[in-house]
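# An overview of the molecular structure
Listed below, chain by chain, are the residues.
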Amino acid sequence: MTRDSAPPTPGAGAPLSGSVLAEAAVVFAMVLSIHVTVWDRYSWCAVALAVQAFYVQYKWDRLLQQGGAVFQFRMSANSGLLPASMVMPLLGLVMKERCQAAGNPHFERFGIVVAATGMAVALFSSVLALGITRPVPTNTCVISGLAGGGIIYIMKHSLSVGEVIEVLEVLLIFVYLNMILLYLLPRCFTPGEAVLVLGGISFVLNQLIKRSLTVVENQGDPVDFFLLVVVVGMVLMGILFSTLFAFMDSGTWASSIFFHLMTCVLGLGVVLPWLHRLIRRNPLLWLLHFLFQTDTRIYLLAYWSLLATLACLVVLYQNAKRSSSESKKHQAPTIARKYFHFIVVATYIPGIIFDRPLLYVAATVCLAVFIFLEYVRYFRIKPLGHTLRNLLSLFLDERDSGPLILTHIYLLLGVSLPIWLVPRPCTQKGSFGGARALVPYAGVLAVGVGDTVASVFGSAMGEIHWPGTKKTFEGTMTSIFAQIISVALILIFDSEVDLNYNYAWILGSISTVSLLEAYTTQIDNLLLPLYLLILLMA
């Protein structure tokens, strides 16, 4: 989420160009730091990808300014192609390194596939931008062609036939999801956010299909299958109802009853049998047994229920203030929106310390609930649709310019992805010591602490602005300081964390991500935790 006020629009001219260059410099610094750490042919591919994405990003920006993009993208930001394009490749690289150090060749190859898939998706978006730009940008085409040719050549000689097919499958799913979701959801994404979000969904969908076709007894953790099925099920549910309600009024009681009945049919007739096939047991009984297995889990669930009630009370209280306000355009102040960040910190810290598998599953359930409620709000499903529209409109900002409200879902994803993405089989044999012990806390540090403190202090006392942005130097410095204090508290309360004197790398990682927060116009709730995760894992 933002602090102070909205960033300049793409048509703002020179100030945005300065902020885009600064954002690019921060991203290049992170790419080069990972390259120096890994230093193999794949990291060279990542550098080449970053160079071509930097040039193509300006073509996307020009298309957005001129209204020449194929779909309607979010206009309150630049294209964001460079920072978004590098997330999956860098994540795959550091995952490969960690699993190689742990002696796990299966997940080492999986990391390479993740990196190759991210590069393929980014190159496709670059080709799309260059193909619709007029006149044809010859120099950029040459740079992109050289970088893409080198990446394809190296990947061709590094991946097996099955891995190449897997990358092409994800790319095909990504193309279809782009055509469907960007048409159904105008102004919800920038081009970069579309690469990151839809690329991730495409990869998850392909993984679920692959594992469903090759089910082996006792292979795979049920919590991983649970996450895959929930994510894919909710996405397919949204596409189905968007198609159906294009031909009928979704706000009537008849349509609402149909929605609820179809949800039950999809859940009981598709999702549960699918999950049963993967985990080889009754999903509902497995989930109940998992949630109430120990006393610690019962206490954590009760504590989280209280925090969820508190979050609902905050929403109701802020709406009551709006009702009593004379201004019809009353919006929640920055500090009110950051209450939810504080609640997230209070939720995730105990879960990470005491029971990470429970937090893994609880975050998955919470994601399903958030997406389902957003469908209810978006389609105006009775009896809660109109009520949710009124309650949540108070917390909108310029990043919720499309038909969907996604910032709260991005917040949940930002703090959950470091929990979900850690390759657990590769965390043994000391490969996750030092700064890597903080990887599960990446979302809490970057968004729960850093972004919150930067927003509150930047709005309250910030005077020195970073060039080309509304973000302040004071906000960034207090953000870094607060995250360092948080790391010290984690060392005190989490006995499993041993930094092994990697303090310089931790400070550099936190500072670099905080600088990215100061300059990026993308969804920082999603972008910042992923980059901090990558740097800490490296």
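What counts, and where the lines are drawn
- Residue numbering note: each chain is counted from 1, following its sequence as written.
- Whole-chain, interface and lining totals are the exception, using all residues; otherwise, since this is a predicted model, local features are given only for residues with pLDDT of at least 70 and side-chain atom pairs are given and counted only at 80 or more.
- Excluding hydrogens and water, the side-chain values take into account all heavy atoms of the structure.
- UniProt positions are given in the numbering used here, feature names are shortened, and annotations may be inferred rather than shown by experiment.
- Put simply, DSSP marks the helices as runs of H or I at least four residues long and the strands as runs of E at least two long, and each gets a number from the N terminus on.
- Note on exposure labels: buried denotes an accessible area under 20% of the residue type's maximum, exposed denotes more than 50%, and partly exposed covers the range between, all computed with a 1.4 Å probe on protein chains only.
- Only heavy atoms enter the contact rule, under which two residues are in contact if any of them lie within 4.5 Å.
- Here the accessible surface of atoms and residues is derived via Shrake-Rupley with a 1.4 Å probe, and residues count as covered only by protein chains that are part of the display.
- Note on charges: Lys and Arg go in the positive column, Asp and Glu in the negative column, and His and the chain ends are not counted at all.
- Lysine's charge is taken at NZ, arginine's at CZ, aspartate's at CG and glutamate's at CD.
- The pLDDT value tells you how sure the predictor is about a given residue, anywhere from 0 up to 100.
- Note on aromatic pairs: the rings of Phe, Tyr and Trp (six-membered ring only in Trp) are paired at centre separations within 6.5 Å, and the planes decide the class, stacked below 30 degrees, edge-to-face beyond 60, tilted for the rest.
- We call a charge positioned over a ring when the NZ of a Lys or the CZ of an Arg lies within 6 Å of the ring centre and within 35 degrees of the ring normal.
- Each reported salt bridge corresponds to a side-chain nitrogen of Lys or Arg within 4 Å of a carboxyl oxygen of Asp or Glu.
- Put simply, a patch holds well-exposed residues, over 30% relative accessible area, that have no salt bridge, with like charges counted together within 9 Å and Val, Leu, Ile, Met, Phe, Trp or Tyr side chains within 5 Å.
- Residues adjacent in sequence count toward polar contacts only when both atoms are side-chain atoms; beyond that, a polar contact is any pair of N or O atoms within 3.5 Å, and within protein one must be able to donate a hydrogen and the other to accept it.
- Expected span, for any helix, means 1.5 Å times one less than how many residues it has.
- We define the bend at any residue as the angle between the axes fitted to the seven residues before and including it, ending there, and the seven starting there.

Taking an unreviewed UniProt entry as the reference, the protein is identified by name as dolichol kinase belonging to Loxodonta africana. Per UniProt, the protein carries the Sequence similarities (unreviewed entry) text "Belongs to the polyprenol kinase family." You can read under Subcellular location (unreviewed entry) in the UniProt record for the protein the words "Endoplasmic reticulum membrane".

### Some details on the overall build of the protein
Tallying secondary structure elements over the protein gives 20 helices and zero strands in all. Overall, the protein is about 60 × 55 × 55 Å in size when its C-alpha atoms are taken along their principal axes. Burial analysis of the protein (538 residues in total) assigns 56% to the buried set. Summarising the internal contacts of the protein: among those between residues at least 6 apart in sequence, 80% fall at separations of at least 24. As displayed, the protein offers around 22800 Å² of accessible surface, 69% of which is attributable to carbon and sulfur atoms. With 34 positive and 29 negative side-chain charges, the protein shows a spacing of 6 Å between the two charge centroids.

### A short note on the side chain of Glu-374
The topology assignment puts Glu-374 in helix H14 (residues 356–379). Leave out the neighbours within four places in its chain, and Glu-374 touches Pro-403, Leu-404, Ile-405, His-408 and Ile-409.

### Quick look at the confidence of the model for the protein
Overall, the prediction assigns the protein a mean pLDDT of 86, with 93% of residues at 70 or greater. Across residues 1–16 the pLDDT falls below 50, and counting only partners more than four positions away or on other chains, this stretch makes 46 contacts in the model.

### Some points on the packing of aromatic side chains
If you walk through the whole model with that rule in mind, you get 18 aromatic pairs. Ring plane angle 80° and centroid distance 5.5 Å describe the contact between Trp-60 and Phe-73, whose orientation is recorded as edge-to-face. Remark: Phe-73 occurs in the loop between helix H2 (41–66) and helix H3 (81–85) and Trp-60 occurs in helix H2; sequence separation between them is 13 residues. With a relative accessible area of 3%, Trp-60 lands in the buried category. The exposure class of Phe-73 is buried, given its relative accessible area of 6%. Geometrically, the ring pair formed by Tyr-378 and Phe-379 is tilted, given 4.9 Å between the ring centres and 55° between the ring planes. Using a relative accessible area of 5% as the deciding quantity, one classes Phe-379 as buried. Every member of this aromatic cluster is reached through a ring pair, and the members are Phe-241, Phe-245, Phe-259, Phe-372, Tyr-375, Tyr-378 and Phe-379. Positioned above the aromatic ring of Phe-290, the side-chain terminus of Arg-297 is 4.2 Å from the ring centre.

### Points about the pattern of salt bridges
Counted according to the given criterion, the structure contains 11 salt bridges. Here Arg-380 ties to Asp-249 by a salt bridge, and the two come within 3.3 Å at their closest N and O atoms. One end of the pair, Arg-380, is in the loop between H14 and helix H15 (385–392); the other, Asp-249, is in the loop between helix H9 (222–244) and helix H10 (253–279), and 131 residues separate them in sequence. Its relative accessible area of 27% is what places Arg-380 among the partly exposed residues. Each of Asp-40, Lys-96 and Glu-97 takes part in a single network of salt bridges with overlapping partners.

### Comments concerning a nonpolar patch on the surface
The grouping of Leu-285, Leu-288, Phe-292, Ile-298 and Tyr-299 at the surface amounts to a nonpolar patch, some 560 Å² of accessible area in total. For the nonpolar patch, the secondary structure elements donating two or more residues are helix H11 (283–291) and helix H12 (295–324).

### Here we look at the side chain of Asp-494
With respect to the helices, strands and loops of the structure, Asp-494 is situated in the loop between helix H18 (473–493) and helix H19 (503–519). With a relative accessible area of 3%, Asp-494 lands in the buried category. In terms of polar contacts, Asp-494 uses its side chain to reach the side chain of Tyr-441, at 2.4 Å.

### Here we look at H14
The terminal C-alpha atoms of H14 lie 35 Å apart, and with 24 residues this matches the ideal 34 Å at 1.5 Å per residue to within 8%. Two to three positions downstream of the cap, the backbone nitrogen of Leu-358 sits 3.1 Å from a side-chain oxygen, assigning the N-cap of H14 to Asp-355. Phi turns positive, to about 60°, at Arg-380, one or two residues after H14.

### Considering the environment of Pro-191
Mapped onto the fold, Pro-191 is located in helix H8 (residues 191–213). Classification of Pro-191 by relative accessible area gives buried; the value is 5%. In this structure, Pro-191 is in contact with Trp-60, Leu-64, Phe-73 and Ser-79, ignoring residues within four places of it in sequence.

### Notes on unusual backbone geometry
The amide bond that connects Arg-134 to the next residue, Pro-135, takes the cis arrangement and shows omega of -5°. With respect to the secondary-structure elements, Pro-135 resides in the loop between helix H5 (105–132) and helix H6 (138–156). Here the amide bond leading from Lys-382 into Pro-383 is cis, since omega sits at 5°, within 30 degrees of zero. Within the secondary structure, Pro-383 sits in the loop between H14 and H15. The phi torsion at Trp-39 lies on the positive side, around 50°, for a residue other than glycine. With respect to the element layout, Trp-39 can be found in the loop between helix H1 (14–38) and H2. Its identity as a non-glycine residue notwithstanding, Arg-187 has a phi of 65°, on the positive side. Residue placement: Arg-187 occurs in the loop between helix H7 (161–184) and H8.

### Focus on the environment of Val-170
Position of Val-170 relative to the elements: it lies in helix H7. On the basis of relative accessible area, Val-170 is assigned to the buried category, the value being 0%. Counting along the chain gives 37 residues from Val-170 to Gln-207, while the straight-line C-alpha distance between them is 8.9 Å. If we ignore the near neighbours within four places in the chain, the residues touching Val-170 are Thr-117, Ser-202, Phe-203 and Asn-206.

### Details of H7
Side chains that are three or four residues apart share a direction in an α-helix, a result of its 3.6 residues per turn. With 24 residues, H7 extends 35 Å between its outermost C-alpha atoms, agreeing within 8% with the 34 Å of an ideal straight helix rising 1.5 Å per residue. The sharpest bend along H7 comes to roughly 25°, located at Leu-177. Every buried residue of H7 is accounted for by Glu-163, Glu-166, Val-167, Val-170, Ile-173, Phe-174, Leu-177, Asn-178, Leu-181 and Leu-182. Those residues of H7 that are buried are in contact with H5, H8 and H9.

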